[in-house]
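The lines below spell out each chain.
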Amino acid sequence: MKKIIVLLLITALTLSCQSQSDPKIKVLPTATYKEAIAKGNVQIVDVRTPEEFSEGAISNAININVNGESFESDIQKLDKKQPVYVYCRSGARSQKAAEKMIALGFTQVIDLEGGYLSWQ
């Protein structure tokens, strides 16, 4: 009986420690992210505030503030069937944006690990 309880406990802990993130969201390190967007013709979205965006951004990125009132309507103007590369300052807001985007029907969202801070 003790073995069964221990086995159940180990199984429960293992399952609870597995990533809860959506497989449609990928987080890439800076070098891999740079290689992917260097191919061109990709959708790149900076989800920071317009003020942060004006201080510096990744080339060809568009600014759609994840905390802005029009985020959902603006983000839906993008092609949901094509990958969308997102980033913010450090990674928290872009993760939030990625989750919202998947809920809105986007098929693949690629997030920059460490955000724009890691890009510089």
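Shown above is the structure to which this text applies.
Described below are features of the structure shown in this document.

Thresholds applied
- Sequence order as written defines residue numbering, which begins from 1 separately in each chain.
- Given that this is a predicted model, residues contribute local features only at a pLDDT of at least 70 and side-chain atom pairs are listed and counted only at 80 or more, while totals for whole chains, interfaces and linings are drawn from all residues.
- Side-chain calculation: all heavy atoms of the structure are included, whereas hydrogens and water are not.
- Within this scheme, the nonpolar core is defined by two criteria: the residues are buried Ala, Val, Leu, Ile, Met, Phe, Trp, Tyr or Cys, and they are joined through side-chain atoms within 4.5 Å.
- Exposure categories follow from relative accessible area, calculated using a 1.4 Å probe and restricted to protein chains: below 20% of the type maximum is buried, above 50% is exposed, and the middle band is partly exposed.
- The way it works is that DSSP assigns letters per residue, a run of H or I at least four long becomes a helix, a run of E at least two long becomes a strand, and they are numbered from the N terminus.
- Contact between two residues is taken to exist if any of their heavy atoms lie within 4.5 Å; hydrogens are not considered.
- What a helix is expected to span follows from its residue count: subtract one and scale by 1.5 Å.
- By convention in these notes, a salt bridge is any Lys or Arg side-chain nitrogen within 4 Å of a carboxyl oxygen on Asp or Glu.
- Here the rule is simple: two strands pair whenever DSSP picks up at least two bridges between them.
- Looking down the strands as they point away from you, a crossover is right-handed if its path from the first strand over the helix to the second goes clockwise.

## So, the nonpolar core
Then step 1. In this structure, Val45, Phe71, Ile75 and Met101 are the most contacted members of the largest nonpolar core, which totals 17 residues.
Then step 2. Counting residues per element, this core draws most heavily on helix H5 (residues 92–103), at four residues.
Then step 3. Contact partners of Phe71, with chain neighbours within four places excluded, come to Val47, Ile64, Asn65, Val66, Ala97, Lys100 and Met101.
Then step 4. Listed in part, the twelve residues of the second largest apolar core include Tyr33, Ile37, Ile58 and Ile110.

## A few points about H5
Then step 1. For H5, built from twelve residues, the straight-helix expectation of 16 Å at 1.5 Å per residue is met to within 8% by its first-to-last C-alpha distance of 17 Å.
Then step 2. Turning to H5, its buried residues number three or more, namely Arg93, Ser94, Gln95, Ala97, Ala98, Met101 and Ile102.
Then step 3. In this fold, the buried residues of H5 make contact with strand S1 (25–28), helix H3 (50–54), helix H4 (71–75), strand S4 (84–87) and strand S5 (109–112).

## Focus on the pattern of salt bridges
Then step 1. Per the stated rule, a full pass over the model turns up three salt bridges.
Then step 2. Residues Glu52 and Arg93 are paired through a salt bridge, measuring 2.8 Å at the closest nitrogen-oxygen approach. One end of the pair, Glu52, is in helix H3; the other, Arg93, is in helix H5, and 41 residues separate them in sequence.

## Some points on the pairing of S4
Working note: regular strand, side chains alternate between the two faces of the sheet.
Then step 1. Side-chain alternation along S4 places Val84 and Val86 on one buried face and Tyr85 and Tyr87 on a second face that is also buried.
Then step 2. Where strand S2 (residues 43–46) meets S4, four bridges bridge the pair, whose relative direction is parallel. In the sheet register, Val45 faces S4, and the bridge partner there is Val86.
Then step 3. With H5 bridging S4 and the parallel S5, this β-α-β connection has right-handed handedness.

## Looking at the pairing of S2
Then step 1. Burial along S2 is two-sided: Gln43 and Val45 and Ile44 and Asp46, pointing in opposite directions, are all buried.
Then step 2. The sheet contact formed by S2 and strand S3 (residues 62–63) spans two bridges and is parallel. What sits directly across from Val45, in S3, is Ile62.

## A word on unusual backbone geometry
Glycine aside, the phi torsion of most residues is negative, and most peptide linkages are trans.
Then step 1. Although it is not a glycine, Asn41 adopts a positive phi angle of roughly 55 degrees.
Then step 2. Within the element layout of this structure, Asn41 appears in the loop between helix H2 (30–38) and S2.
Then step 3. Under the relative-accessibility criterion, Asn41 is labelled exposed at 85%.
Then step 4. Phi is positive for Asn60, which is not a glycine, with a value near 75 degrees.
Then step 5. Residue position: Asn60 is located in the loop between H3 and S3.

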